[in-house]
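Notes for the structure review
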Amino acid sequence: MNTLVQSRYTCLWALNLILLIFLSSSFFHGNITIEAFVPHDSLSSPSIRSATTAISMGGRDINHIVVTLTREDGKNEKLREKIEEDSELMNQVDLLEMPCIEHADGCDYESLAPTLLSQRWDYIAITSPEAAKVLASAWDGVRNDPLPVVAVGKATEARLRDSDIPVTFVPSKATAKTLAAELELVSGKSSTNVLYPASAKAKTTLQDGLTERGFTVTRLNTYDTITATWGDDEKKSSDKVQVACFASPSSVKGWLKNTENNTRVLAACIGETSATACKELGWEENQIFFPENPGLDGWVEAIHKAIEVSKKESYSM
């Protein structure tokens, strides 16, 4: 009997152990998310900094990196879709959409339609998807006899083609500097005329580069980029962010204004222009990641690299 009782106790002990293991496993593999935050200091040193630990079930990584998308409201879908298609990336991140900019009409917006009709322009230079959207709003006046339109990159070209605006030239690299260097003068003319509908905040890189090569450039500030206004909830949420995705210098400035100059996050930039803005506005070079050729694929790769660094810094604490 003693042997039988001892066997029963052994079985009960074993069952309790199995139950304990099962409950522990359920904690780490169920549908529970735990977030822990500590004071924010620096991402480039081992000192105390913000950390987000997400324990999510379903096979995702225990330590999630909070990544924010900062383009204007309604313009983050393509990047979000690209990230969601990348299973490796999605297993490492929590996405937080925080628009840092908004668009408004520029002082020359009303002049765009009559200016398009004022002469036979050799080129219309479009350097952003938003500029393409603005051009589309005035395009009906020349739709039956379209003018040659050049786009700074593939994303801008796609936005133009979506509006049935034909594109005659895209430079080898999606920067205003490259467009200015590669656009051809019209042969047989004393002056090649370019209409440049731009953001009021756009630098003079394109017009200066074209003018130096002999083009005559007419710039219209057809839209403006302004900082989005955040409430207390958005500002509080920004404390969780470890990687911020920037597609323009305006987004960088909008982030800084709303976060009281938080340059501690890692910056994943769509291209060199945004990366340069980050550097000029206080980020260290080792906190900035960007592809040589701007575009969604390169941008996602920059996010991958930023996450790798963020994880290494987390583990080294």
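Cut-offs applied
- Residues numbered from 1 in each chain as written.
- Predicted model: local features only at pLDDT ≥ 70, side-chain atom pairs only at ≥ 80, totals over all residues.
- Heavy atoms only, no water.
- Salt bridge = Lys/Arg side-chain N within 4 Å of Asp/Glu carboxyl O.
- Buried < 20%, exposed > 50% of the residue type's maximum accessible area, 1.4 Å probe, protein only.
- Helix = DSSP H or I, 4+ residues; strand = E, 2+ residues; numbered from the N terminus.
- Pairing = 2+ DSSP bridges.
- Contact = heavy atoms within 4.5 Å.
- Arc of directions from axis to C-beta.
- Axes fitted to C-alpha atoms, helices over the stretch in contact; angles between N-to-C directions.
- Core = buried A, V, L, I, M, F, W, Y, C linked by side-chain atoms within 4.5 Å.
- Right-handed = clockwise from strand over helix to strand, strands pointing away.
- Phe/Tyr/Trp six-rings, centres within 6.5 Å; stacked < 30°, edge-to-face > 60°.

**A look at the pattern of salt bridges**
Counted by the stated rule, this structure contains 13 salt bridges. Measuring nitrogen to oxygen at the nearest pair gives 3.0 Å for the salt bridge that ties Asp-140 to Arg-143. Residue class for Arg-143 comes out partly exposed when judged on its relative accessible area of 31%. Across the salt bridge formed by Glu-157 and Lys-154, the nearest N and O atoms sit 3.9 Å from each other. Residue Glu-157 and its partner Lys-154 are located together in helix H6 (residues 154-162), separated by 3 residues, close to a single helical turn. According to the relative accessible area criterion, Glu-157 is buried, its value standing at 14%.

**Observations concerning the sheet that holds strand S1 (residues 65-69)**
Pairing within the open sheet is parallel, and its 5 strands lie in the order S2-S1-S8-S9-S10. At either margin of the open sheet sits one strand with a lone partner, and together these are strand S2 (93-97) and strand S10 (288-289). One ladder, built from 4 bridges, connects strand S8 (residues 243-246) with strand S9 (residues 266-269); its direction is parallel. The partner of Cys-245 across the bridge, within S9, is Ala-268.

**Topic: the environment of Ala-180**
By the element assignment, Ala-180 lies in helix H7 (residues 176-182). Its relative accessible area of 4% is what places Ala-180 among the buried residues. When the C-alpha atoms of Ala-180 and Arg-213 are compared, they prove to be 8.4 Å apart, with 33 residues separating the residues in sequence. Excluding its chain neighbours within four sequence positions, the residues that come into contact with Ala-180 are Leu-206, Gly-209, Leu-210 and Arg-213.

**Examining H6**
Looking at H6, one finds that the buried residues are Thr-156, Glu-157 and Leu-160. One side of H6 carries all its buried residues, which in axial view fall inside an arc of 100 degrees. When the buried face of H6 is taken as reference, the exposed residues oriented beyond 90 degrees from it are Lys-154, Ala-155 and Asp-162. For H6, the secondary structure elements touched by its buried residues are strand S4 (123-126), helix H5 (129-138) and strand S5 (149-151). Directly beyond the C-terminal end of H6, a positive phi value near 60 degrees is found at Asp-164.

**Concerning the sheet that holds strand S7 (residues 215-227)**
Pairing is mixed across the open sheet formed by 5 strands, whose spatial order is S3-S7-S6-S4-S5. Where the open sheet ends on each side, the last strands, each with one partner, are strand S3 (101-105) and S5. Pairs of neighbouring strands in the sheet enclose a mean axial angle of 30 degrees, with direction left out of account. Both S4 and S5 contribute to a ladder of 3 bridges, which runs parallel.

**Comments concerning the nonpolar core**
Residues Leu-116, Ile-124, Ile-126, Leu-135, Val-149 and Leu-160 are the most contacted members of the largest nonpolar core, which totals 22 residues. Where this core is concerned, the elements lending two or more residues are helix H4 (112-118), S4, H5, S5 and S7. No other element matches the 6 residues that H5 contributes to this core. Not counting chain neighbours up to four residues away, the residues in contact with Leu-116 comprise Trp-121, Ile-124, Leu-135, Ala-138, Val-142, Leu-147 and Leu-195.

**What about the pairing of S8?**
Side chains Val-243 and Cys-245 of S8 all project onto a buried face; the interleaved residues Ala-244 and Phe-246 project onto the opposite face, where all are buried too. Inspection of the sheet shows S1 paired to S8 by 3 bridges, in the parallel sense. Bridge pairing in S8 links Leu-69 to Cys-245. Handedness of the crossover is the feature at issue here: the chain leaves S8, passes through helix H10 (residues 249-258), returns alongside S9, and the resulting connection is right-handed.

**Considerations on H10**
Taking burial as the measure, the 10 residues of H10 include 7 buried ones, the bulk of the element. Elements in contact with the buried residues of H10: S1, S3, S7, helix H9 (232-238), S8 and helix H11 (272-280). Glu-260, located one to two residues past H10, shows a positive phi value of around 55 degrees.

**Concerning the packing of aromatic side chains**
A full pass over the atoms with the stated rule returns 3 aromatic pairs. Measuring from ring centre to ring centre gives 6.0 Å for Trp-230 and Trp-255, while their planes differ by 80 degrees; the resulting arrangement is edge-to-face. Residue Trp-230 is located in the loop between S7 and H9, and its partner Trp-255 is located in helix H10; the two are separated by 25 residues in the primary sequence. Accessibility classification places Trp-230 together with Trp-255 in one group, the buried group. Arranged with centres 6.4 Å apart and planes meeting at 70 degrees, the rings of Phe-246 and Trp-255 form a pair that is edge-to-face.

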